[in-house]
Every structure is written in structure tokens, then in C-alpha cells.
Amino acid sequence: MKPDQLPLAMRWPAQQRFDSYYPGENAAAADLVRRCAQEADAAWVFISGAAASGKTHLLIAACAQAGTHARGAQYLSLRNLRQRSGDAVRALGGSELLALDDVDAIAGDRDAEHALFDLYNRCFVEKSTMLFAATRPPAQLGMVLPDLVSRLSSCAQAKLKPLDDVQRREVLRERAAARGIELDAAALDWLFARVERDLSSLTALLDRLDQESLAAKRRVTVPFLRSLLERQG
């Protein structure tokens, strides 16, 4: 069974949806991506932003949203390709929406760049929609194929701004509340002084808090957090 034929819940992580995306100053970018998911004639979008700025969340959310509109979707992180990445890129296609993450990972790989250029042109002819994400805009990726840079630069450009600490605290508090976990100001202050503050790390920590607090049948307090992180090492 192909990935775009799998049941929606099996394909796309439930926590990566538009309704769980906290936009901060990125509401316009999120709207562009949402349109890609829902509208066959929407502009293709190239998302750039630092690590943990929400690029992958938006791409996965778009794939999930496309499924609710009876549109097949594929997602691939080019950073996860090992050898013969050009062949892997050439094997893609056939879906209404194709989301390619970590495009910068193939910069300098001529075969992979040519494969992406060909895929771009093929999707354009087939009227598929493409979404791209990388740490920097196309012209700054170090691509060796000028025609590929030109194609990627022709997409609507969406640059994500990272959330500040106040916004990250609010995201963590809301996501915890959705799980029935109350994180008061003291607990948040203690956490943000001691753990990585990017949303990926915070969400992973929240997963563990959820499991540990249920198992111990304890509220999430500063002593509980201190004990958890000490055991985590």
C-alpha cells in the first residue's frame, strides 16, 4: 500500500495539524500553506526558517489537511535520504500535494538537484501542488543548478520567525492543558531555566511528563519536574 493510501491517522502525527500550530508572527505563512493543502490552483510555497521554527509542522499539517479534501499527499525529508538521493526524488510524484522538507540537504549534489528540477517540472505539468522547506531561501542554499534555484525562487516565499519565550510558554501551557496537565507559572519558570526551549524538545518533554505523571498519579510540580529530570540524567 502506498503512503498516500494509508489511513490518515497512520500517516500524519496527530500533534502536527493547523489547529495545533501556534503562528506567532507567521500567520500569513500558515495561510499560504493551508491554501496549498486545500486548493489545486494555489501558489506553490517555499518555506524558510531556522531549525525548530515550525517548518515540518506546517508541511505535515498541509498533508493531513489535503487528505480531508480528498487530495492525496506525500511528505519526504530530503535530509533522511542516505545514498542515491536522486533516485529517491525521482520516485516521487502521483499525488495532488507533494511536500519536500530539508531541501538544503541536497545542495551541491548535482544528481539530486537535477532530479528535483525534473520533479518540479513534472509536477507542474501534472498540476500537482508542491511545498518546499529549508533553513534559508533558495538563492542562499548553495545549489549548483541555476535553473533549480530559479524554479524554487518562483514559488511564493514564506520566511518563518521563531517564537519568543513568552509565546513558547503559552504553547507549552496550552498543549499541556489539552492533555489534562496543569503547568503553573512556577513550573514553567523552572523548566525554561533548565531545558532546551525549542518546541520540538518541549513537546518531547511534555510527552514524558504526560506518561510519568499518570504513572505516578502526581501533579506536575517543581519537585516532580526536578525528580524527573534527575532520573533522565
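As the structure is a computational prediction, the values presented were derived from the model and not from experiment. (Residues numbered from 1 in each chain as written. Predicted model: local features only at pLDDT ≥ 70, side-chain atom pairs only at ≥ 80, totals over all residues. Heavy atoms only, no water.)

> Explain helix α6 (residues 146-153) to me, and be specific about the residues and the numbers.
Restricting attention to buried positions, one finds in α6 the residues Leu148, Val149 and Leu152. Down the axis, α6 shows its buried residues gathered within 100° of arc, on one side only. On its buried side, α6 packs onto β1 (45-48), α5 (110-126), β4 (129-134) and β5 (156-159). (Buried < 20%, exposed > 50% of the residue type's maximum accessible area, 1.4 Å probe, protein only. Helix = DSSP H or I, 4+ residues; strand = E, 2+ residues; numbered from the N terminus. Arc of directions from axis to C-beta. Contact = heavy atoms within 4.5 Å.)

> Summarise the sheet that holds strand β2 (residues 73-77); cite the residues concerned and give the values.
Pairing is parallel in the open sheet, where 5 strands are placed in the order β2-β3-β4-β1-β5. Strand pairing shows two members of the sheet lacking a second neighbour, β2 and β5, which therefore form its edges. Neighbour to neighbour, the strand axes of the sheet diverge by 15° on average, direction disregarded. Strand direction decides the pairing type here: β2 and strand β3 (residues 97-101), joined by 5 bridges, are parallel. Each residue of the ladder has a partner; that of Gln74, found in β3, is Leu98. Sheet strands in contact with helix α3 (residues 55-68) are β1, β2, β3 and β4, and its direction is about 165° off that of β3. (Pairing = 2+ DSSP bridges. Axes fitted to C-alpha atoms, helices over the stretch in contact; angles between N-to-C directions.)

> Hey, could you go over the packing of helix α2 (residues 27-38) against α3 for me, with residue numbers and the actual values?
α3 packs onto α2 with a crossing angle of 35° between their chain directions and a minimal axis gap of 8 Å. Considering how the two elements wind past one another, α2 and α3 form a crossing that is right-handed. Residues Ala30, Val33, Arg34, Ala37 and Gln38 of α2 form the contact with α3, whose own contacting residues are Leu58, Ala62, Gln65 and Ala66. In terms of residue class, the contact of α2 with α3 is made up of 6 nonpolar, 2 polar and 1 charged. (Left-handed = near helix turned anticlockwise from the far one by under 90°. Nonpolar A, V, L, I, M, F, W, Y, C, P; charged D, E, K, R; others polar.)

> So what about the nonpolar core? Which residues, and what values?
Formed by 28 residues in total, the largest nonpolar core has its most connected members in Leu100, Val103, Leu116, Leu119 and Phe132. The leading source of residues in this core is α5, at 7 residues. Residues Trp12, Ala30, Val33 and Leu160 belong to the second largest nonpolar core, which totals 25 residues. (Core = buried A, V, L, I, M, F, W, Y, C linked by side-chain atoms within 4.5 Å.)

> Describe helix α10 (residues 222-232), with residues and values.
All buried positions along α10 are accounted for by Val222, Phe224, Leu225, Leu228 and Leu229. The arc that holds the buried residues of α10, viewed along the axis, is 155°, so those residues lie on one side. Those residues of α10 that are buried are in contact with α8 (185-192) and α9 (199-216).

> Describe in detail the packing of aromatic side chains, supporting the description with residues and values.
In this structure the tally under the stated criterion is 4 aromatic pairs. Three or more aromatic residues joined by ring pairs form one cluster here, namely Trp44, Phe46, Tyr120, Phe124 and Phe132. The side chain of Arg34 reaches across the aromatic face of Phe18, ending 4.5 Å from its centre. (Phe/Tyr/Trp six-rings, centres within 6.5 Å; stacked < 30°, edge-to-face > 60°. Lys NZ or Arg CZ within 6 Å of the ring centre and 35° of its normal.)

> Tell me about the confidence of the model for the chain, and name the residues and values.
Scored by pLDDT, the chain comes out at a mean of 89, with 95% of its residues at no less than 70. Here residues 1-10 is modelled with pLDDT under 50, and outside its nearest four sequence neighbours on either side it reaches 10 contacts, counting other chains as well. (pLDDT = per-residue confidence, 0-100.)

> Kindly report on the side chain of Gln65, identifying the contributing residues and their values.
Tracing the chain through its elements places Gln65 in helix α3. Among the polar contacts listed, one links the side chain of Gln65 to the side chain of Gln38, at a separation of 2.8 Å. Ignoring sequence-local partners within four residues, the contact set of Gln65 consists of Phe18, Arg34, Ala37 and Gln38. (Polar contact = N/O pair within 3.5 Å; in protein donor to acceptor, adjacent residues only side chain to side chain.)

> So what's going on with the packing of helix α7 (residues 165-178) against α8? Which residues, and what values?
In contact at an axis separation of 11 Å, α7 and α8 are set at 120° when each is read in the N-to-C sense. Classified by the angle their axes make, α7 and α8 are oblique. Once α7 is placed against α8, the crossing between them reads as right-handed. Residues Asp165, Arg168, Arg169, Leu172 and Arg173 of α7 form the contact with α8, whose participating residues are Ala185, Leu188, Asp189, Leu191 and Phe192. When grouped by side-chain class, the residues that make up the contact of α7 with α8 number 5 nonpolar, no polar and 5 charged. (Parallel < 35°, antiparallel > 145°, perpendicular 65-115°, else oblique.)

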